[in-house]
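Take a look at the letters that make up each chain.
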Amino acid sequence: MNVLLIGCGGMGRMHAEMISRSGLTLAVCADEARPAAVALAQKYGAKAVTDGLKAIENKNIDIVAIATPTPEHLPLIKAAARAGKHIFCEKPFCRTVKECEAALAAVDKAGVKLFVGHVVRYFHEFETLREQAKSGRIGEVGFVKLYRGGLLPNGPKSWFADYKKSGGVTMDCMIHDLDWLRYTFGEPKRIFCQALMKSKPVFMDYSQVTMRMKNGIIATVIGSWAHPAGFRVKAELCGSEGLIAYDSAEAPLTSMLRSESATGSMIVPSSPVSESPYLREWLDFVQWIDTGKCPRVSPADALKAVAMAEAALTSARTGQPVAF
Amino acid sequence: MVNIGIMSFAHMHAYSYAACFNALPGVKLAGIWDDDKKRGQAAAKQFNTTYTGNLTQFLSGKMEGVCICSENVKHRSMVEEAAAAGKWILCEKPLSPSLEDAKAMVKACKQAKVGLGAAFPCRFAPTLMAVRDRIRAGEFGEIYAASCTNHGQSPGGWFADDVLAGGGATMDHTVHVVDLMRWIFDREFTKVHCESGNQLHKKTLKTDDLGSLNLEMEGGMQVSHLASWSRPKSYPTWGDVTMEFIGSKGVLYVDAFGQKVNVYSDRAARSEWASYGDNPDLGLVHDFIESIRERRSPCASGEDGVAATAVTVAAYKSIKAGKAVRI
Ligand SMILES: NC(=O)c1ccc[n+]([C@@H]2O[C@H](COP(=O)([O-])OP(=O)(O)OC[C@H]3O[C@@H](n4cnc5c(N)ncnc54)[C@H](O)[C@@H]3O)[C@@H](O)[C@H]2O)c1
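Residues numbered from 1 in each chain as written. Chains lettered and ligands numbered in written order. Predicted model: local features only at pLDDT ≥ 70, side-chain atom pairs only at ≥ 80, totals over all residues. Heavy atoms only, no water.

## Remarks on the site of the ligand
All names here are of chain A.
Then comes step 1: Around the ligand, a shell composed of 25 residues is seen, among which Met11, Asp31, Trp159, Asp172 and Tyr278 lie nearest.
Then comes step 2: In the environment of the ligand, an oxygen atom lies 2.8 Å from a nitrogen or oxygen atom belonging to the backbone of Met11.
Then comes step 3: Glu90 places a polar side-chain atom, nitrogen or oxygen, 3.1 Å from a nitrogen atom of the ligand.
Then comes step 4: The residue makeup of the shell around the ligand, split by class, is eleven nonpolar, eight polar and six charged.
Then comes step 5: If you count residues domain by domain, the shell around the ligand takes at least three from each of domain 1 (2–117) and domain 2 (120–323). (Near = heavy atom within 4 Å. Polar contact = N/O pair within 3.5 Å; in protein donor to acceptor, adjacent residues only side chain to side chain. Nonpolar A, V, L, I, M, F, W, Y, C, P; charged D, E, K, R; others polar. Domains from an automatic or database assignment.)

As structure tokens, this is what we get:
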């Protein structure tokens, strides 16, 4: 199958590699910024274009992979659906629930398959956390704390720092945890959120959520784009007979490159696995197309994730909890 | 020589304070009163002092100060009696679960012209003192947000009995962090939202064992706080106090009791943390003794206790109302 990749930035580069490793052919790389498209296309022997919408019409393309900034997701999904292509789209599905609904309608009408990259469901550590919680080893889970964050991605000039476009750390980053909570513990009941979304004197966002699930579990979720460096993920599940904890800072590999700067270099943790979570999501998606076996993430899941993040942002604005 | 009495060993912190009084030069643990005779007698034996079962008789003794470690709801009457007897008072936290009672205690001590302190030993933890100094020196610029935890193992007993404790984990484990934040920033809390549950102990407790709070301080600082009895018996330590501060010039994270070495002993059922460094309780008790000598209020005063109680009371109000409430 031939893939058109739209958006050749950070995630686009990652997906290009996963596409080629999943036995697909990366046929076309599209990016408004020509150099980005060209650089990636060259690496994989693909064609480089700047107009993604036009490239969607290409008859040879079977799958459209969308890795553009979030506000570009809806028009591209609509066009791809209309053209009868299967779609891989980065999370968040779309910027708003309303947009998600429009995208879903287009996809349903066209009868194509849409996969949204809620990759945390495929992360090995989160799989283990989920398995451990479900195994009953810590009794009945009553409380979950998740933490994810670090640097504001791509600096203050990027679209991420335009909170209208990205939805800030809550919509763009914490959405992973909100989705994983629902995936693991069922539907949410209500959500409360405080979010910074600062642009002065520095661009930074820090989001603090308390979410009550329908089954009573309380989840506290912190998301940061407020750190001067690094990236860290922490999880803690508390049950009636124990506790499960994970901290990415306790990685098996840590490295530090000698640097000329007076402040020195950063510690970079890593945790290598033979099959990247990003590859696993692609393989799940491809299997869905090939065999009809449903993947771990459905379009309805992706919509619900946006709904949770959107409710959080509403709560942050109103200062009151939002019920689902 | 400063003579001190301890009133009630219902709260286990009394054992630590008693050891601290005994460790300080120029201080004498002159006696123990307890409404539980067996407990009081055993403690008197353990700390090499005398037990008195009659409170009037106890308070007519020559101690200059008393440390009150009874169940939360009994604090008020004991403070009032001790104040009437002219004693300087260090009262275990929370000062009281009721705002009205907490205020009455402050009033009683003012009228009796005695000092009243709320036992917030975290103010004497060097890790947290460093946090305060560095934030106040402006190293992290303006602080916009903080996320905090005060987790613990389940203390059981009266702590989980609404009638005696006036609440559960949210009552027990919110005031330390609230006091720290007020102490670091000289600002009051203005708003709170709290979700709480009784869901970590198979419903064997009569109170909440978990509270997830979102608070606001004057100036708009956004603060989350987790108060829980969520550490299992197998956990290597009693619990934690952690805080992450987000400032314009940087971030600061503190694990206040993170000064530890890991101990794996085949003689114990669990791996354990052995802590090193200063004992905050000793700092607290020392300040209390100094406050008696200097006839001043202890570092964390009764008013600080009232302010902390105001936050927990509002948190419970928020739980009931299902929305954020003003403090
Ligand atoms: N799953 C994850 O772990 C993860 C991590 C980061 C970002 N994301 C998501 O991936 C998406 C992309 O993020 P990123 O970090 O790669 O951003 P990025 O800014 O690095 O890259 C975006 C690229 O899209 C291009 N672009 C913008 N509009 C376009 C259009 N209409 N047509 C073609 N190209 C266009 C830009 O020129 C840029 O090269 C976002 O939705 C983001 O939320 C996911």
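## Focus: unusual backbone geometry
Negative phi characterises most residues that are not glycine, and trans characterises most peptide bonds.
Then comes step 1: Omega for the peptide link from Lys91(A) to Pro92(A) comes to -15 degrees, which places this bond in the cis form.
Then comes step 2: Residue placement: Pro92(A) occurs in the loop between strand E5 (86–90) and helix H5 (97–110).
Then comes step 3: Cis geometry marks the peptide bond from Lys200(A) to Pro201(A); its omega dihedral reads -5 degrees.
Then comes step 4: By the element assignment, Pro201(A) lies in the loop between strand E8 (188–195) and strand E9 (205–213).
Then comes step 5: With phi around 50 degrees, Lys202(B) is a residue other than glycine that occupies positive phi space.
Then comes step 6: In this fold, Lys202(B) is placed in the loop between strand E8 (189–197) and strand E9 (210–217).
Then comes step 7: With relative accessibility at 54%, the residue Lys202(B) sits in the exposed group.
Then comes step 8: Positioned with a positive phi, Lys203(B) is a non-glycine residue whose angle comes to about 60 degrees.
Then comes step 9: Its location among the elements puts Lys203(B) in the loop between E8 and E9.
Then comes step 10: For Lys203(B), a relative accessible area of 61% gives the class exposed. (Helix = DSSP H or I, 4+ residues; strand = E, 2+ residues; numbered from the N terminus. Buried < 20%, exposed > 50% of the residue type's maximum accessible area, 1.4 Å probe, protein only.)

## Things to note about the side chain of Lys93(B)
Residues and elements named next belong to chain B.
Then comes step 1: Along the polypeptide, Lys93 turns up in the loop between strand E5 (88–92) and helix H5 (99–111).
Then comes step 2: Judged by relative accessible area, Lys93 falls into the buried class, the value being 2%.
Then comes step 3: Reaching out from Lys93, the side chain makes a polar contact with the backbone oxygen of Asp172 at a distance of 2.9 Å.
Then comes step 4: The residues contacting Lys93, other than those within four sequence positions of it, are Asn72, His75, Ala119, Phe120, Asp172, Val175 and His176. (Contact = heavy atoms within 4.5 Å.)

## Thoughts on the packing of aromatic side chains
Then comes step 1: Taken as a whole, this structure holds 21 aromatic pairs over all chains when the rule is applied.
Then comes step 2: Aromatic side chains Phe123(A) and Tyr278(A) sit 6.1 Å apart centroid to centroid with 80 degrees between the ring planes, which places their arrangement in the edge-to-face category. Taken together, the residues span a long stretch of sequence, with Phe123(A) in the loop between strand E6 (114–117) and helix H6 (124–135) and Tyr278(A) in helix H10 (residues 277–291) at a distance of 155 residues.
Then comes step 3: Taking the centre distance of 6.2 Å and the plane angle of 25 degrees together, the rings of Phe9(B) and Phe47(B) count as stacked. Remark: Phe47(B) occurs in the loop between helix H2 (37–46) and strand E3 (51–52) and Phe9(B) occurs in the loop between strand E1 (2–7) and helix H1 (13–23); sequence separation between them is 38 residues. For the pair formed by Phe9(B) and Phe47(B), the shared burial category is buried.
Then comes step 4: Taken together through their ring pairs, the aromatic side chains of Phe88(A), Phe115(A), Tyr122(A), Trp282(A), Phe285(A) and Trp288(A) make up a single cluster.
Then comes step 5: Just above the ring of Tyr183(A) sits the side chain of Arg130(A); from NZ or CZ to the centre is 3.7 Å.
Then comes step 6: In this structure, Arg295(B) is placed above the aromatic ring of Trp88(B), and the distance from its NZ or CZ to the ring centre is 4.2 Å. (Phe/Tyr/Trp six-rings, centres within 6.5 Å; stacked < 30°, edge-to-face > 60°. Lys NZ or Arg CZ within 6 Å of the ring centre and 35° of its normal.)

## As for the interface of chain A and chain B
Then comes step 1: Counting from both sides, the interface comprises 38 residues of chain A and, opposite them, 37 residues of chain B.
Then comes step 2: Carbon and sulfur atoms supply 56% of the area buried between chain A and chain B, which totals about 3,000 Å² over both sides.
Then comes step 3: On inspection of chain A and its partner chain B, the count reaches four salt bridges.
Then comes step 4: Linking Arg212(A) and Glu195(B) is a salt bridge whose minimum nitrogen-to-oxygen distance equals 2.9 Å.
Then comes step 5: Where chain A touches chain B, the interface holds 23 residue pairs in polar contact (both at pLDDT 80 or more).
Then comes step 6: Contributing elements (two or more residues each) for the side of chain A that touches chain B: strand E7 (141–150), E8, E9, strand E10 (218–225), strand E11 (231–239) and strand E12 (242–247) of chain A. (Buried area = accessible area lost by both parts, 1.4 Å probe. Salt bridge = Lys/Arg side-chain N within 4 Å of Asp/Glu carboxyl O.)

## As for the packing of H1(B) against helix H10 (residues 280–293) of chain B
All names here are of chain B.
Then comes step 1: Between H1 and H10, whose axes approach to 9 Å, the crossing angle comes to 60 degrees. In this view, H1 runs oblique relative to H10, as classed from their interaxial angle. When you trace H1 past H10, the crossing you get is right-handed. Taken together, the residues of H10 that come into contact with H1 (itself represented by Ser16, Tyr17, Cys20 and Phe21) are Asp281, Leu282, Leu284, Val285, Phe288 and Ile289.
Then comes step 2: Split into classes, the residues belonging to the contact of H1 with H10 amount to eight nonpolar, one polar and one charged. (Axes fitted to C-alpha atoms, helices over the stretch in contact; angles between N-to-C directions. Parallel < 35°, antiparallel > 145°, perpendicular 65-115°, else oblique. Left-handed = near helix turned anticlockwise from the far one by under 90°.)

## Side note on the pattern of salt bridges
Any two side chains of opposite charge can pair, given that their charged atoms come close.
Then comes step 1: Using the criterion set out here, one finds 35 salt bridges over all chains in the structure.
Then comes step 2: One salt bridge in this structure joins Arg190(A) and Glu195(B), with 2.6 Å as the shortest N-O distance. Placement of the pair is Arg190(A) in strand E8 and Glu195(B) in strand E8, with the two residues belonging to separate chains.
Then comes step 3: Glu294(B) is paired through a salt bridge with Arg296(B); the nearest N and O atoms lie 2.7 Å apart.
Then comes step 4: Note on Glu294(B): relative accessible area 46%, which makes it partly exposed.

## Quick look at the nonpolar core
Then comes step 1: The biggest cluster of nonpolar side chains holds 69 residues, and the ones touching the most others in it are Ile87(A) and Phe93(A).
Then comes step 2: By residue number, the principal contributor to this core is helix H11 (residues 299–318) of chain A, which donates ten residues.
Then comes step 3: When residues are assigned to domains, this core turns out to be shared by domain 1 (2–117) and domain 2 (120–323) of chain A, each giving three or more.
Then comes step 4: Dropping the residues within four chain positions of it, Phe93(A) is found in contact with His73(A), Ile77(A), Cys100(A), Ala103(A), Leu104(A), Leu114(A), Val116(A), Pro299(A), Ala302(A), Leu303(A) and Val306(A).
Then comes step 5: Judged by nonpolar contacts, the second largest core, of 49 residues, contains Ala14(B), Leu24(B), Phe288(B) and Val306(B). (Core = buried A, V, L, I, M, F, W, Y, C linked by side-chain atoms within 4.5 Å.)

## Remarks on the confidence of the model for chain B
Then comes step 1: When pLDDT is averaged across chain B, the result is 97; 100% of the residues are at 70 or more.
Then comes step 2: Under the prediction, the complex receives an ipTM of 0.95, its pTM being 0.96. (pLDDT = per-residue confidence, 0-100.)

## Examining the domain arrangement of chain A
All names here are of chain A.
Then comes step 1: Its domain assignment divides chain A into domain 1 (2–117) and domain 2 (120–323).
Then comes step 2: Its C-alpha centre places domain 1 at a distance of 23 Å from the equivalent point of domain 2.
Then comes step 3: Both faces combined, the contact of domain 1 with domain 2 buries some 2,800 Å², and carbon together with sulfur accounts for 76% of it.
Then comes step 4: It is Arg95, Lys113 and Phe115 in domain 1 that bury the most area against domain 2; as a group they hold 24% of the surface buried on that side.
Then comes step 5: Inspection of the domain 1/domain 2 interface yields one salt bridge.
Then comes step 6: Residue Lys91 pairs with Asp172 through a salt bridge whose shortest N-O separation is 3.6 Å.
Then comes step 7: Our enumeration of links across domain 1 and domain 2 arrives at five residue pairs in polar contact (both at pLDDT 80 or more).
Then comes step 8: Those elements that place two or more of their residues in the side of domain 1 that touches domain 2 are helix H1 (10–21), strand E4 (63–66), E5, H5 and E6.
Then comes step 9: Per-element accounting of the side of domain 1 that touches domain 2 gives the leading share, six residues, to H1.
Then comes step 10: Of the residues assigned to the side of domain 1 that touches domain 2, the class counts are 20 nonpolar, six polar and five charged.

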